[in-house]
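Survey of secondary and tertiary structure
The residues making up each chain are set out below.
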Amino acid sequence: LCEALADWDRREAIARITVPLLVIVGALDPIVPVADGERLAAAAERGALLVLDDAAHLAPLESPDPVAVAVAAALRGHDPVPPLS
């Protein structure tokens, strides 16, 4: 199963997504590197990327507050990823 998932590439399908897409990745994730999240967010017309510095593969469990804030902002139609200051 893991090998099948490793070869699964749906970027062409993601390019057809026209609604906002929030990609959340953990900077410490050994399974899905930040670069994969960057490619995924970039492939979507309205993709946004949130990288959580203190999270690994289970970001919603490891960093629940930032994930909840970002998802709530996205659902309200606001930018879920605050600009860098």
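Quick summary incoming for the structure in this document. Just so you know, these numbers come straight off a predicted model, no measurement behind them. (Residues numbered from 1 in each chain as written. Predicted model: local features only at pLDDT ≥ 70, side-chain atom pairs only at ≥ 80, totals over all residues. Heavy atoms only, no water.)

Okay, helix H5 (residues 64-75) next. Compared with an ideal rise of 1.5 Å per residue, which puts twelve residues at 16 Å, H5 spans 16 Å between its outermost C-alpha atoms and is within 8% of the ideal. Buried residues in H5 make contact with strand S1 (21-26), strand S2 (47-52) and helix H4 (59-62). Taken from the residues just after H5, Gly77 is the one with a positive phi, measuring 85°. (Helix = DSSP H or I, 4+ residues; strand = E, 2+ residues; numbered from the N terminus. Expected span 1.5 Å × (residues − 1). Contact = heavy atoms within 4.5 Å.)

Turning our eyes to something else, we now look at the pattern of salt bridges. Evaluated as defined, the whole model comprises one salt bridge. One salt bridge connects Arg39 with Asp36, and the closest N-O pair in it is separated by 2.2 Å. Of this pair, Arg39 and Asp36 both sit in helix H3 (residues 34-43), three residues apart, which is roughly one turn of that helix. For Arg39, a relative accessible area of 43% corresponds to the partly exposed category. Take Asp36: its relative accessible area is 31%, and that puts it in the partly exposed class. (Salt bridge = Lys/Arg side-chain N within 4 Å of Asp/Glu carboxyl O. Buried < 20%, exposed > 50% of the residue type's maximum accessible area, 1.4 Å probe, protein only.)

The next point concerns the pairing of S1. Where S1 meets S2, six bridges bridge the pair, whose relative direction is parallel. Residue pairing for S2: Ile24 is matched across the bridge by Leu50. Since S1 and S2 lie parallel, the crossover through H3 that links them has a hand, and here it is right-handed. (Pairing = 2+ DSSP bridges. Right-handed = clockwise from strand over helix to strand, strands pointing away.)

Right, let's get into the side chain of Asp29. Along the chain, the position of Asp29 falls in the loop between S1 and H3. One buried charge, Asp29, has no salt-bridge partner; the nearest side chain with opposite charge is Arg39, at 12 Å. A polar contact of 2.7 Å, which involves the side chain of Asp29, links it to the backbone nitrogen of Ile31. Within the structure, the side chain of Asp29 is placed 3.0 Å from the backbone nitrogen of Val32, a separation counted as a polar contact. Those residues within four positions of Asp29 in sequence are excluded, and the remaining contacts are Ala55, Ala56 and His57. (Lys, Arg positive; Asp, Glu negative; His and termini not counted. Polar contact = N/O pair within 3.5 Å; in protein donor to acceptor, adjacent residues only side chain to side chain.)

Read these as geometric descriptors, not functional statements.
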